[in-house]
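The chain contents come next:
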Amino acid sequence: MLEFVDGKNGRYTIHAFLRPGRVADVYVASTTDGTLVWMKIVHDGYFTENQANARFEREAKLLSEADDPAMLRMLEWGRTATAAWVALERVEGPSLKEALLPGPLHIDDVRNLALGLAEALGAAHRRRMILRDVVPENVLLINGSPRHVKLLDLGFTRL
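Residues numbered from 1 in each chain as written. Predicted model: local features only at pLDDT ≥ 70, side-chain atom pairs only at ≥ 80, totals over all residues. Heavy atoms only, no water.

Colleague: What is the right way to read the overall build of the protein from this model?
Modeller: Helix and strand counts for the protein stand at 3 helices and 10 strands. Along the protein, helices and strands appear, N-terminal first, in the series β-β-β-β-α-β-β-α-α-β-β-β-β. Looking at the protein as a whole, 42% of its 159 residues are labelled buried. Within the protein, contacts between residues separated by at least 24 positions form 54% of all contacts whose residues are at least 6 apart in sequence. When the accessible area of the protein is evaluated, it comes to approximately 9000 Å², of which 53% is carbon and sulfur surface. (Helix = DSSP H or I, 4+ residues; strand = E, 2+ residues; numbered from the N terminus. Buried < 20%, exposed > 50% of the residue type's maximum accessible area, 1.4 Å probe, protein only. Contact = heavy atoms within 4.5 Å. Areas by Shrake-Rupley, 256 points an atom, 1.4 Å probe, with all protein chains shown as cover.)

Next comes the structure, spelled out in structure tokens:
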């Protein structure tokens, strides 16, 4: 695991666990100036896989080049001999999976979601990205609005 001393890693301080992931867990952290961010920290042992290093670096580079409102903005990334991390912009809102827990969306929300997803996927397509993991937990509804989405987790993206 990435070295943390008293919850700190360089200029980031970890405050709380946010959500688990297959490859990495996400935490709420802050920078030295107090800005809240998300820290995606890769699980122990992930880099024992042959292609894991390349996959992580590809995701970090894709995020750094994406610069689109439909995708999370990557602030910084780094790694040690055994682990890696990515600092991401923090945005408010539930995932699509969380939004669906109470039950089906209203037809107007479904229509808005379709438009928001089409815009987000169109932005990825314009960057020649093929997103292979578009699932409800990787679609964030900004401030709970189905019309404004961000795509999360570009780890399985191809150019």
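Colleague: Teacher, can you tell me more about the packing of aromatic side chains here?
Modeller: How two aromatic rings sit relative to each other is given by the distance of their centres and the angle of their planes. Applying the stated criterion to the full structure yields 2 aromatic pairs. Both rings, one in F17 and one in Y27, keep their centres 5.6 Å apart while their planes meet at 80°; by these two values the pair is edge-to-face. Here the residue F17 occupies a position in strand β2 (residues 12–19), and Y27 occupies one in strand β3 (residues 24–31), the gap between them amounting to 10 residues. Note on F17: relative accessible area 49%, which makes it partly exposed. (Phe/Tyr/Trp six-rings, centres within 6.5 Å; stacked < 30°, edge-to-face > 60°.)

Colleague: Mind showing me how you'd approach the pattern of salt bridges here?
Modeller: When their charged atoms lie close together, side chains carrying opposite charge are able to pair. Within this structure, the stated rule accounts for 4 salt bridges. Of the charged contacts in the structure, one is a salt bridge between K150 and E89, with a shortest N-O distance of 3.0 Å. Within this pair, whereas K150 is found in strand β9 (residues 149–151), its partner E89 is found in strand β6 (residues 84–89), the two being separated by 61 residues in sequence. Neither K150 nor E89 differs from the other in exposure class; each is buried. Residue D108 pairs with R111 through a salt bridge whose shortest N-O separation is 2.9 Å. Of this pair, D108 and R111 both sit in helix α3 (residues 107–126), 3 residues apart, roughly one helical turn. For R111, a relative accessible area of 48% puts it in the partly exposed group. (Salt bridge = Lys/Arg side-chain N within 4 Å of Asp/Glu carboxyl O.)

Colleague: Sorry if this is basic, but what is going on with unusual backbone geometry here?
Modeller: Among all residues except glycine, the phi angle is most often negative; among peptide bonds, the trans geometry is most common. The phi dihedral of N143 falls on the positive side, at around 50°, and the residue is not glycine. With respect to the secondary-structure elements, N143 resides in the loop between β8 (139–141) and β9.

Colleague: Help me understand the pairing of strand β4 (residues 36–42), please; the structure alone is not making it clear to me.
Modeller: Look at any regular strand and the pattern is simple: side chains alternate between the two faces of the sheet. The element β4 is largely enclosed, with a buried count of 6 among its 7 residues. Relative to β4, β3 runs antiparallel, the two being bridged by 7 bridges. Bridging from a neighbouring strand, S30 pairs with L36 of β4. Linking β3 back to β4 in an antiparallel pair, the connection comprises 4 residues, with G34 at a positive phi of about 95°. By the bridge criterion, 5 bridges tie β4 to β6 in an arrangement that is antiparallel. Bridge pairing in β6 links M39 to A87. (Pairing = 2+ DSSP bridges.)

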